[in-house]
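Here's the letter readout for the chains.
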Amino acid sequence: METRISGMQRTQRMVTSPTQWRLLLRLATGPATSDQLLLLGSWRELWRLWQHHLIMFHVKHWRWCLTAEGESLRPVLRAIQACIAE
């Protein structure tokens, strides 16, 4: 139980705004271009997620995607998506 609580606290320190959650939710569905993501947020929000190693930019494909660290949030992102769908 304490592991889950510390994991959630760590996540809350890294993802600090609703905009960042929206960006992560979008990237959970697959890679996206900068233009697609900027419709949901700002460069500042992208930068913060990148600083926390949750997202990365593939120069070859010109797409943003989740990193392995970001993929570790997938269960949380799925739960949020399920709540939104209801």
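Going by the structure above, here's the rest.
So, here's what we can say about the structure. Small disclaimer: the values here were computed from a predicted structure and weren't measured.

1. So, the overall build of the protein
Broken down by element type, the protein carries six helices and two strands. Each helix and strand of the protein, placed in order from N terminus to C terminus, yields the pattern α-α-α-α-β-β-α-α. The C-alpha radius of gyration computed for the protein amounts to 13 Å, which stays within 12% of the reference 12 Å derived for 86 residues, consistent with globular compactness. With the principal axes as the frame, the protein shows a C-alpha extent of 40 × 30 × 20 Å. Put simply, the protein has 86 residues, and 36% of those count as buried. Sequence separation of at least 24 residues holds for 49% of the intrachain contacts in the protein that already meet a minimum separation of 6. Distance between charge centroids for the protein: 4 Å, based on 11 positive and 6 negative side chains.

2. Side note on unusual backbone geometry
Phi is positive for His-53, close to 60°, though the residue is something other than glycine. Positionally, His-53 belongs in the loop between α4 (43-51) and β1 (55-58). Even without being a glycine, Trp-62 presents a positive backbone phi close to 55°. Summarising the element assignment, Trp-62 is placed in the loop between β1 and β2 (63-66).

What counts and how
Residues numbered from 1 in each chain as written. Predicted model: local features only at pLDDT ≥ 70, side-chain atom pairs only at ≥ 80, totals over all residues. Heavy atoms only, no water. Helix = DSSP H or I, 4+ residues; strand = E, 2+ residues; numbered from the N terminus. Rg over C-alpha atoms; globule rule 2.2 N^0.38 Å. Buried < 20%, exposed > 50% of the residue type's maximum accessible area, 1.4 Å probe, protein only. Contact = heavy atoms within 4.5 Å. Lys, Arg positive; Asp, Glu negative; His and termini not counted. Charge placed at Lys NZ, Arg CZ, Asp CG, Glu CD.

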